[in-house]
Amino acid sequence: MASTTTTAGNIERPPFIIFGYGSLIFKPPLHTIAKVPGFLKGYVRRFAQKSHDHRGTPENPGRVVTLVHIEDWDKFSSSDPFPHEDTVWGIAYTIDPAYESEVRDYLDYREKDGYTMETIDIHGIDSADGKTDKVIIHGCYVGRNDNPSFIGAEPLPILAETIWRSVGPSGPNKDYLYKLVSAVRQLSPDSHDSHLFALEKIVRSLDAREK
């Protein structure tokens, strides 16, 4: 667990730690002084958020991931084919205290399309003894299910088609998916996400069909 930092007046406070579970995994924030792979319990990662400003446009929004508590997801996704035993793997980034304000402003702008900062428990592996170590993090951007960009559950073929054809200022939506899948696979031997992997398979089949 990261140590506290000392500010003026010798007041100690925890460092700013941000958990990335989407694009922050493959495009991390600047001024990172430490990064630790970890996972969340009790949540699912789903392409349930419209992207009007990065991987789509206001007229043709793409799709990006958000976190949803399993119990909340169950309320509007009775047809979700994926098992709940999947854990959500990502990376906890510790930000250099000298640049905390700058990084917060950058992230607030980057995640402005419906995301809200929340505090969530992350679980990591203690490299010393291999046991699970629980860490309380400071920040995680979540697209709550009451934000205007939240779209919820969509049939997988329709979702894959949207991702495959959507393009925004940050590039093709499918590149976001491919980079995220690749990054998640590299986080840990235990890292797995059947929702991501199933989408990747369908979208790559659409690529192959076009060729």
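Our structure's up above, just so we're on the same page.
Let me begin by describing the structure that accompanies this report. Only a predicted model underlies this, so the values are computations on that prediction, with no experimental measurement involved.

### What to know about unusual backbone geometry
Note: most residues except glycine have negative phi, and most peptide bonds are trans. Backbone geometry at His-31 places phi at a positive 60 degrees, although glycine is not the residue there. Looking at the element boundaries, His-31 is found in the loop between α1 (23-26) and β4 (32-40).

### Observations regarding the pairing of strand β7 (residues 88-95)
In terms of burial, β7 is largely enclosed, as 8 of its 8 residues are buried. Going residue by residue along β7, you find Val-88, Gly-90, Ala-92 and Thr-94 tucked away on one face and Trp-89, Ile-91, Tyr-93 and Ile-95 tucked away on the opposite face as well. Where strand β3 (residues 17-20) and β7 come together, 4 bridges link them in antiparallel fashion. Bridge pairing in β7 links Phe-19 to Ala-92. Direction of pairing for β4 relative to β7: antiparallel, over a ladder of 8 bridges. From the neighbouring strand, Thr-32 faces β7, where its bridge partner is Ile-95.

### Looking at the nonpolar core
Counting residues in each nonpolar core, the largest one holds 47 residues, and the members touching the most others are Phe-47, Leu-67, Leu-177 and Leu-196. If one sorts the elements of this core by residue count, helix α5 (residues 173-187) sits on top with 8 residues. Counting residues in each nonpolar core, the second largest holds 6 residues, with Val-44, Ala-48, Ile-70 and Trp-73 among its members.

### What to know about the packing of aromatic side chains
Scanning the model with the defined rule gives 3 aromatic pairs in all. Relative to Tyr-176, the ring of Phe-26 has its centre 6.0 Å away and its plane inclined at 80 degrees; by these criteria the two rings are edge-to-face. Placement of Phe-26 in helix α1 and of Tyr-176 in helix α5 is noted, with a sequence separation of 150 residues between them. On the accessibility criterion, Tyr-176 (6% relative accessible area) is buried. With centroids separated by 5.0 Å and ring planes inclined at 45 degrees, the aromatic side chains of Phe-39 and Trp-89 adopt a geometry described as tilted. You can see Phe-39 sitting in strand β4 and its partner Trp-89 sitting in strand β7, a full 50 residues away along the chain. Residue class for Phe-39 comes out buried when judged on its relative accessible area of 10%. On the basis of relative accessible area, Trp-89 is assigned to the buried category, the value being 5%. What links up through ring pairs into an aromatic cluster is the set Phe-26, Phe-47 and Tyr-176. If you follow Arg-104 out to its NZ or CZ, it ends over the ring of Phe-16, 3.9 Å from the centre.

What counts, and at which threshold
- Residues numbered from 1 in each chain as written.
- Predicted model: local features only at pLDDT ≥ 70, side-chain atom pairs only at ≥ 80, totals over all residues.
- Heavy atoms only, no water.
- Helix = DSSP H or I, 4+ residues; strand = E, 2+ residues; numbered from the N terminus.
- Buried < 20%, exposed > 50% of the residue type's maximum accessible area, 1.4 Å probe, protein only.
- Pairing = 2+ DSSP bridges.
- Core = buried A, V, L, I, M, F, W, Y, C linked by side-chain atoms within 4.5 Å.
- Phe/Tyr/Trp six-rings, centres within 6.5 Å; stacked < 30°, edge-to-face > 60°.
- Lys NZ or Arg CZ within 6 Å of the ring centre and 35° of its normal.

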